[in-house]
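Structural overview for review
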Amino acid sequence: MPSTGSKVVLAMSGGVDSSVAAALLLRQGYNVIGVFMRLGSPDGVASPQEDSCSASSGKHKQGCCSVLDAADARRVADALGIPFYVLNFQDEFSRVIDYFVDEYNRGRTPNPCVRCNDWLKFGRLNRYAQAVGAEFVASGHYARITPDPLTGEKSLARGLDHRKDQSYVLFGMTRQTLDHTLLPIGDFEKHQVRAIAQELNLPVYNKPDSQEICFVPDQDYAALLQRRSPQSLREGDLVTADGSVVGRHSGHQNFTIGQRKGVGVAFGHPIYVSHIDPASNRVTLGPRDSLLHTSLIARQTNFLSTRLQSGVAPIRCTAKIRYNHDPQPAQATVTPDADLLVRFDAPQSAITPGQAVVIYDNDILLGGGWIESAID
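Everything in this summary refers to the structure shown in the same document. (Residues numbered from 1 in each chain as written. Predicted model: local features only at pLDDT ≥ 70, side-chain atom pairs only at ≥ 80, totals over all residues. Heavy atoms only, no water.)

1. Notes on the overall build of the chain
- When you go through the chain residue by residue, the secondary structure sums to seven helices and 17 strands.
- By the compact-globule yardstick of 21 Å for 376 residues, the chain fits well, its C-alpha radius of gyration being 21 Å.
- With the C-alpha coordinates of the chain rotated into their principal frame, the extents come out at 70 × 50 × 35 Å.
- If you take every contact in the chain between residues at least 6 apart in sequence, the share linking residues at least 24 apart comes to 67%.
- Carbon and sulfur atoms provide 48% of the accessible area of the chain, an area that totals close to 15900 Å².
- With 37 positive and 39 negative side-chain charges, the chain shows a separation of 2 Å between the mean positions of the two kinds. (Helix = DSSP H or I, 4+ residues; strand = E, 2+ residues; numbered from the N terminus. Rg over C-alpha atoms; globule rule 2.2 N^0.38 Å. Contact = heavy atoms within 4.5 Å. Areas by Shrake-Rupley, 256 points an atom, 1.4 Å probe, with all protein chains shown as cover. Lys, Arg positive; Asp, Glu negative; His and termini not counted. Charge placed at Lys NZ, Arg CZ, Asp CG, Glu CD.)

Here it is as structure tokens:
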């Protein structure tokens, strides 16, 4: 339990998860300050900040950083009797969009949710918390902070509700940040969170979850790239593994590893994107088994546990290669360059450069990195 009156800044999105997080923190004796991060994109697109850093499927708005969401968050704050502020993070958020565009131009598939959490929610917001004398930053993510049973270190762990677990998108936080982070709903399942909201008569108890990338209108990635980087989208060849040209495309940025729909050619059997070469602007197509690889190398690593460090023998673990991927049995090794080599027990499909690989021991998140390449 906190010392009486410990101050915490809570990121409030206007959704049910962060709203219940506020109520739980109050029950635990914290002095809660609610903040809404205004992330309006430089393109003039309303950019949401949901607990999962994704956007609503509602037709009236792109996501959860609209005026309506800010109003919902304020209504919840009023109902709970906590102070509430709107912070303008538009300039900082432009960095996330720049990263998104740059990664596609490099032939990679970005994960802006992870970067948004690293740079804004547990970066810029953490500095704001320090400025107002708050000891903690909190959010409505389904993840937990708990001691590692092997080392006793404070650790990040999967949420109790594995179906909603969001620890994957938090792997980039630092150990220092972890010491000053609270994740109040990590010990609850989603239906319990909604029940608490309804019990407290919070106005967002039945508000739908958001699902999509927040700053991409209608999920039209190509249109965003065309606006932000028009000179980068060029026609190129669709090829098979032996180099045979089988079609043309309007830009390699329109593809991601493992993609099946919309590849632009028909073979009479399922065909998938197996490789993207931005230098030659070629996209390689192949059968499903061309997507299978047993190993990967990841760079720009972040290790939250001392169990992951260079010079230590490979460790048994499970690993996720995308947000909606079930952790798979593997062996992880930290190289002398602090890269992460992951060898899976069984081949994995569509290991995608630009996505994150995150390493677990049971529920404890040990660390992760950004996938550089798949290797056999």
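2. Remarks on the sheet that holds strand 11 (residues 282–286)
- In spatial order, the strands read 9-8-11-10; together these four strands make up an open sheet with mixed pairing. Here the strands that pair on one side only, and so sit at the sheet edges, are strand 9 (245–249) and strand 10 (272–277). On average, each strand axis in the sheet is inclined to that of its neighbour by 30 degrees, with strand direction left out of account. (Pairing = 2+ DSSP bridges. Axes fitted to C-alpha atoms, helices over the stretch in contact; angles between N-to-C directions.)

3. Observations concerning the nonpolar core
- By size, the foremost hydrophobic cluster in this structure holds 48 residues, and its most contacted members are Val9, Phe93, Leu120, Leu125, Leu156, Leu170 and Phe215.
- Within the residue set of this core, elements represented by two or more residues are strand 1 (7–11), strand 2 (31–38), helix 3 (90–105), helix 4 (112–131), helix 7 (221–228), strand 16 (356–361) and strand 17 (364–375).
- With nine residues, the single largest contributor to this core is helix 4.
- Here Leu156 is in contact with Ala143, Arg144, Ser167, Leu170, Phe171, Leu178, Leu183, Leu304, Asp363, Ile364 and Leu365, once residues within four sequence places are set aside. (Core = buried A, V, L, I, M, F, W, Y, C linked by side-chain atoms within 4.5 Å. Buried < 20%, exposed > 50% of the residue type's maximum accessible area, 1.4 Å probe, protein only.)

4. So, helix 1 (residues 16–27)
- With twelve residues, helix 1 ought to run about 16 Å at 1.5 Å a step, and its terminal C-alpha atoms sit 17 Å apart, in line with that.
- Counted residue by residue, helix 1 has ten buried out of twelve residues, so it is predominantly covered.
- Regarding helix 1, the residues found buried are Val16, Asp17, Ser18, Ser19, Val20, Ala21, Ala22, Ala23, Leu24 and Leu25.
- Lining the buried residues of helix 1 we find strand 1, strand 2, helix 2 (67–80), strand 4 (136–138), strand 7 (181–182) and helix 6 (190–199).
- Looking one or two residues past helix 1, Gly29 carries a phi angle of roughly 95 degrees, positive in sign. (Expected span 1.5 Å × (residues − 1).)

5. Re the sheet that holds strand 3 (residues 84–88)
- The strand order across the open sheet formed by five strands is 3-2-1-4-7, and the pairing between neighbours is parallel. Of all strands in the sheet, those bounded by a partner on one side alone are strand 3 and strand 7.
- Bridge count for strand 4 against strand 7 is two bridges, and the pairing is parallel. Considered in strand 7, the bridge of Ala138 is made with Leu182.

6. Description of empty space enclosed by the protein
- Across all of its chains, the model carries one cavity of 30 Å³ or more by this definition.
- Put simply, the largest cavity is a space of about 30 Å³.
- Taken together, Arg307, Leu308, Gln309, Val312, Ala313, Ile315, Ala332 and Val334 make up the lining of the largest cavity.
- By residue class, the composition of the lining of the largest cavity is six nonpolar, one polar and one charged. (1 Å grid on protein atoms, 1.4 Å probe; cavity = no way out; pocket = protein on both sides within 12 Å on 5 of 7 lines; lining within 4 Å. Points joined across faces, edges and corners; volume = space filled by probe spheres on them. Nonpolar A, V, L, I, M, F, W, Y, C, P; charged D, E, K, R; others polar.)

7. Some remarks on the pattern of salt bridges
- Using the criterion set out here, one finds 22 salt bridges in the structure.
- For the salt bridge of Arg108 with Glu372, the shortest nitrogen-to-oxygen distance reads 3.5 Å. With Arg108 in the loop between helix 3 and helix 4 and Glu372 in strand 17, this pair connects stretches of sequence that are 264 residues apart.
- In this structure Glu372 comes out as partly exposed when scored by relative accessible area, which is 29%.
- Residue Asp363 pairs with Arg158 through a salt bridge whose shortest N-O separation is 4.0 Å. Taken together, the residues span a long stretch of sequence, with Asp363 in the loop between strand 16 and strand 17 and Arg158 in strand 6 (residues 154–158) at a distance of 205 residues.
- Within the structure, one salt-bridge network assembled from shared partners comprises Glu103, Arg106, Arg108, Arg299, Asp339 and Glu372. (Salt bridge = Lys/Arg side-chain N within 4 Å of Asp/Glu carboxyl O.)

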